[in-house]
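# Architecture at a glance
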Amino acid sequence: MRLASLGEILWDLIGNQELLGGATFNFSVQLSRLGHDVSFISAVGDDDRGRRALEEAARTGLSTKFIRTVNDAPTGTVSVTIDAQGQPSYVLNRPAAYDFAAMPDQRINPEWLYHGTLQFIEPRMRSLLHELIRAYPEARRFYDINLRKNSYTAPLVMELLERADVVKLNEDELVHVQQMAATSHQTIESFCRDYASRFEWDAVCVTRGANGCAILKGSDYVEVGGLPVKVADTVGAGDAFAAAFLHGLDQDWPAARIGAFANRLGALVASRPGGVPEWSWSELG
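Residues numbered from 1 in each chain as written. Predicted model: local features only at pLDDT ≥ 70, side-chain atom pairs only at ≥ 80, totals over all residues. Heavy atoms only, no water.

In terms of residue burial, strand S1 (residues 2-6) counts as a mostly covered element, since 4 of its 5 residues are buried. With 5 bridges joining them, S1 and strand S4 (residues 37-45) adopt parallel strand pairing. Residue pairing across strands places Ala4 opposite Ser39, the latter belonging to S4. Alignment of S1 against strand S8 (residues 112-115), held across 4 bridges, turns out to be parallel. Note on S8: the bridge partner recorded for Ser5 is Tyr114. (Buried < 20%, exposed > 50% of the residue type's maximum accessible area, 1.4 Å probe, protein only. Helix = DSSP H or I, 4+ residues; strand = E, 2+ residues; numbered from the N terminus. Pairing = 2+ DSSP bridges.)

Here we come to helix H5 (residues 171-181). Burial in H5 covers these residues: Glu173, Leu174, Val177 and Gln178. Seen end-on, H5 carries its buried residues on one side only, within an arc spanning 140°. Residues of H5 that are exposed and angled more than 90 degrees away from the buried face: Asp172 and Gln179. Each element contacted by the buried residues of H5 is listed here: helix H4 (154-163), strand S10 (166-170), helix H6 (188-199) and strand S11 (203-207). If you check the start of H5, you find a side-chain oxygen 3.1 Å away from the backbone N of Asp172, and it comes from Asn170. A positive backbone phi angle near 55° is found at Ala182, which sits one or two residues after H5. (Arc of directions from axis to C-beta. Contact = heavy atoms within 4.5 Å. Polar contact = N/O pair within 3.5 Å; in protein donor to acceptor, adjacent residues only side chain to side chain.)

A few words now on the sheet that holds strand S7 (residues 88-93). Spatial strand order, S3-S2-S6-S7: 4 strands in an open sheet with mixed pairing. The sheet terminates laterally at strand S3 (17-21) and S7, the two strands that pair on one side only. Each strand axis lies, on average, 30° off the axis of its neighbour in the sheet, ignoring direction. Across 5 bridges, strand S2 (residues 10-14) lies against S3 in antiparallel orientation. The partner of Trp11 across the bridge, within S3, is Leu20. (Axes fitted to C-alpha atoms, helices over the stretch in contact; angles between N-to-C directions.)

This brings us to the packing of aromatic side chains. In this structure the tally under the stated criterion is 12 aromatic pairs. Ring geometry for Tyr195 against Trp201: centres 6.3 Å apart, planes inclined by 40°, an arrangement best described as tilted. Taken individually, Tyr195 and Trp201 each receive the classification buried, so the pair is uniform in this respect. An angle of 70° between the planes, with centres 5.9 Å apart, marks the rings of Trp279 and Trp281 as edge-to-face. The exposure class of Trp279 is buried, given its relative accessible area of 11%. (Phe/Tyr/Trp six-rings, centres within 6.5 Å; stacked < 30°, edge-to-face > 60°.)

A word on the packing of H5 against H6. Relative orientation of the contacting elements H5 and H6 amounts to 55°, with a least axis distance of 12 Å. In terms of orientation, H5 and H6 fall into the oblique class. By crossing handedness, the relation of H5 to H6 is classed as left-handed. Contacts from Glu171, Leu174, Val177, Gln178 and Ala181 of H5 reach H6 at Ile188, Phe191 and Tyr195. Looking at side-chain class alone, the contact of H5 with H6 contains 6 nonpolar, 1 polar and 1 charged residues. (Parallel < 35°, antiparallel > 145°, perpendicular 65-115°, else oblique. Left-handed = near helix turned anticlockwise from the far one by under 90°. Nonpolar A, V, L, I, M, F, W, Y, C, P; charged D, E, K, R; others polar.)

On to the sheet that holds S10, then. The 9 strands lie next to each other as S5-S4-S1-S8-S9-S10-S11-S12-S13, forming an open sheet whose pairing is mixed. Unpaired on one side and paired on the other, strand S5 (67-70) and strand S13 (220-224) mark the two borders of the sheet. Across the sheet, the axes of successive neighbouring strands diverge by a mean angle of 15°, strand direction being ignored. Bridge analysis of strand S9 (residues 140-144) against S10 gives 3 bridges, and the strand direction is parallel. Counterpart to Asp144 in the pairing with S10 is Lys168.

Structurally, Ile14 is set in strand S2. Between the C-alpha atoms of Ile14 and Ser79, which are 65 residues apart in sequence, the distance is 6.5 Å.

Spelled out as structure tokens, the structure:
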């Protein structure tokens, strides 16, 4: 598939380490590794971190053609704290260069448009998203919610949910979305069916950590159990899952097969440190 992804590239500051990441960057790397044509639209600062980011991004195999270098802000960073269970918490440091991404000069004709939430708290980035949608109205839209503290509002999330064709969220985000929309569902399945009908989604996925995932594709609902894994950290695991989920949708696999495949890639990434650790197809089985 051809996909345009719009979002953040930044350095995860974990202890004394600096690891290149950002949910949209991680997703884009993993989807590219899965064999798809990814146009990643973002920006870095004209600084040492920016230069190193471009070099590392290129080393992952991701095209850097649409990553601008800007003077308006430094290359993005996020302070990451990992708890005893390997779960990360994030403090985003802004202003950041990724908030100054721009429309590509050349046509890219994507079949899919992918994004999260945090970038669109900035009005200029919402305008860029709207510009992309106007330029490529036929592109299907994949919204991976990825809520981050102080980087979303209820009206923004509702707008993005309404624009989406496919949505991914985790169990905590499911609770937050229901609070924003003033709804209450006793089961994940009832949430998925109600919201898919309400917003006319083609598919929705709820990730459940070690318990796997729940997927509604069309009318087909499944819950797929997780895989036992020794967690190094979970940074990037959800983004890898999202890439594998979209890969399976593009292949038109049944929901159960998509969930199993996405769980495997997510677990593989969680078992290794960093947002985009190396993996091989043979390890996916």
